[in-house]
Amino acid sequence: MSTFALMAGGTGGHLFPAMALAQELRRRGHDIHLVTDERIAAYGADFPASAIHIVPAATPSIRNPLKFAQAGFTILGGVGTALGILRKVRPDAVVGFGGYPCFPPFLAASLLRIPGILHEQNAVMGRANRALARFASVLALSFAETIHAEGFGLPKVVTGNPVRDRVRAVAGTPYRGLSDNAPIALLVFGGSQGARAFSDIVPVAIALLDESLRRRLDVTQQCREEDLDRVAEIYRGARVNVDLARFFTDLPERIAASHLVIGRAGASTVAELGVLGRPAILVPLPGSLDQDQRANAMVMEKGGGAWLCEQATLSPQSLATQLNDLLLAPDRLARAAEAAQSVGVPDAVERLADLVEQTAKGQS
Ligand SMILES: CC(=O)N[C@H]1[C@@H](OP(=O)(O)OP(=O)(O)OC[C@H]2O[C@@H](n3ccc(=O)[nH]c3=O)[C@H](O)[C@@H]2O)O[C@H](CO)[C@@H](O)[C@@H]1O
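Residues numbered from 1 in each chain as written. Predicted model: local features only at pLDDT ≥ 70, side-chain atom pairs only at ≥ 80, totals over all residues. Heavy atoms only, no water.

**Q** Describe the packing of helix α7 (residues 196–207) against helix α13 (residues 316–327), and please don't skip the residues or the numbers.
**A** Between α7 and α13, the least distance of the axes is 8 Å, while the angle of their chain directions is 55°. Looking at the two axes, α7 sits oblique to α13. In this structure, α7 meets α13 at a crossing whose hand is right-handed. Note on element contacts: α13 touches α7 through P316, L319, A320 and L323, opposite I201, V202, V204, A205 and I206. Per-class residue counts for the contact of α7 with α13 are nine nonpolar, no polar and no charged. (Axes fitted to C-alpha atoms, helices over the stretch in contact; angles between N-to-C directions. Helix = DSSP H or I, 4+ residues; strand = E, 2+ residues; numbered from the N terminus. Parallel < 35°, antiparallel > 145°, perpendicular 65-115°, else oblique. Left-handed = near helix turned anticlockwise from the far one by under 90°. Contact = heavy atoms within 4.5 Å. Nonpolar A, V, L, I, M, F, W, Y, C, P; charged D, E, K, R; others polar.)

**Q** Please give an account of the nonpolar core that cites residues and values.
**A** The biggest cluster of nonpolar side chains holds 36 residues, and the ones touching the most others in it are I206, I281 and L323. Every element with two or more residues in this core is listed here: β8 (184–189), α7, β9 (217–222), α9 (228–237), β11 (260–263), α13 and α14 (330–343). For I281, the residues in contact, after removing those within four places along its chain, are L260, V261, I262, G263, W307, C309, L319, Q322, L323 and L326. (Core = buried A, V, L, I, M, F, W, Y, C linked by side-chain atoms within 4.5 Å. Buried < 20%, exposed > 50% of the residue type's maximum accessible area, 1.4 Å probe, protein only.)

**Q** Provide a residue-level description of the sheet that holds strand β1 (residues 3–7), including the pertinent values.
**A** The seven strands lie next to each other as β3-β2-β1-β4-β5-β6-β7, forming an open sheet whose pairing is parallel. A single partner strand is all that each edge strand has here, and the edge strands are β3 (51–54) and β7 (156–158). Adjacent strand axes in the sheet meet at a mean angle of 20°, parallel and antiparallel pairs treated alike. (Pairing = 2+ DSSP bridges.)

**Q** Before we move on, could you go through the pairing of strand β6 (residues 138–141) and cite the residues and values that matter?
**A** Neither face of β6 is left uncovered, since the one carrying V138 and A140 and the one carrying L139 and L141 both have all their residues buried. Where strand β5 (residues 116–120) lies against β6, four bridges are found, and the strand directions are parallel. Its bridge partner lying in β6, E120 is registered against L141. The parallel pair β5 and β6, bridged by helix α5 (residues 127–132), forms a crossover whose chirality is right-handed. Bridge analysis of β6 against β7 gives three bridges, and the strand direction is parallel. The partner of A140 across the bridge, within β7, is V157. (Right-handed = clockwise from strand over helix to strand, strands pointing away.)

**Q** Account for the site of the ligand, naming residues and giving values.
**A** What surrounds the ligand is a group of 23 residues, the closest being G13, N122, S192, T269 and E272. Within the contact set of the ligand, an oxygen atom lies 2.6 Å away from a side-chain nitrogen or oxygen of N122. T269 places a polar side-chain atom, nitrogen or oxygen, 2.5 Å from an oxygen atom of the ligand. Elements represented by at least two residues in the shell around the ligand include exactly α1 (12–27), α11 (267–276) and α12 (292–302). A breakdown of the residues in the shell around the ligand according to their chemical character gives seven nonpolar, 13 polar and three charged. (Near = heavy atom within 4 Å. Polar contact = N/O pair within 3.5 Å; in protein donor to acceptor, adjacent residues only side chain to side chain.)

**Q** Tell me about the packing of aromatic side chains, and please be specific about residues and values.
**A** For the coordinates displayed, the defined rule picks out zero aromatic pairs. Positioned over the ring face of F16 is R164, at 4.0 Å from the centre of the ring. For R264, the ring lying beneath its charged end belongs to F198, and the centroid distance is 5.2 Å. (Phe/Tyr/Trp six-rings, centres within 6.5 Å; stacked < 30°, edge-to-face > 60°. Lys NZ or Arg CZ within 6 Å of the ring centre and 35° of its normal.)

**Q** Explain the pairing of β9 to me, using residue names and the numbers behind them.
**A** For β9, a buried count of five out of six residues is recorded, marking the element as mostly surrounded by other parts of the structure. The pairing of β9 with strand β10 (residues 241–245) spans five bridges and is classified as parallel. Of the residues in β10, the one forming a bridge with D218 is N241. In terms of handedness, the path from β9 via α9 over to β10 forms a crossover that is right-handed.

So this is what it looks like as structure tokens:
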């Protein structure tokens, strides 16, 4: 039995792959500790670890010198806290999943000469991971082609992005094709924090569809708290069945049950659509520094499993036209479902767990 410390920023995107790995390593009899930030309270209630350690972290902002200095002190404090934790836990290896909260503990592990695996979930290597690469023993990638993953002189292994047991439990559910006049399950979600743009655009687009399509729709939509009432009102006016929530804990089952998904293109979203094999309209989060979601969506689109739509050109009218075309073309949806599945990596978690065990034994 070995002990591993997993390090991940406390939101869904980084935390869910860490959770998937923790589940697998525990099945293999290992002891797991999680090192994260205080946001864990919202997402990590059922994280399988013998202890969850909170380490202070900050995102350095280069534009503001005062904030930059403050962040520097917080990070130094975080390294100190992490050194104390790691000396006590004595992990055989640490695994960093990216995000600035990983920075202090991963650095601390390197100071203590504990082998470190970095996992990148996106098709663009994130800034925190790039900054940490020189302290790592090996880099695990989700996509064979990952932008900015070159030049670190590190061994690289393509493992895929691990998905949680809850996703794996429904993998293999066959895609139910659309048939004439039968209900249509449409799932709309915006990543772990919801997407305001989907509340603005999707219900209005659906209200523009022909009545014959609208009455067949069963919509599930994740909405931010403040948008729930206005979105419910639009669906009510359009006489469309809808299930709205701020966060669906049973999202994997809902993805499996859907005919079509409208989503952002965060790394776990794309990995889950692949493992479950469901067609999607992907609208990458605009304005992010590295355009990581755009790169993730492009992998899925290239594989034939999704249609990439830029938010800048998405309007209720354009979405209504696209939905109308797709929902009246069951064959296109079924082909895209199959193509999405061929992009998925269902055994990513085993591959990553193998790599972690090998690295701890010094075999990587
Ligand atoms: C705004 C932001 O920083 N986004 C980043 C964040 O995405 P973010 O965390 O939003 O998105 P991801 O797609 O990676 O993860 C969302 C996760 O939440 C789950 N889910 C979502 C809605 C719901 O109601 N229920 C539910 O369980 C999904 O199943 C999925 O597992 O991390 C990703 C991985 O580094 C990056 O690609 C994103 O760019």
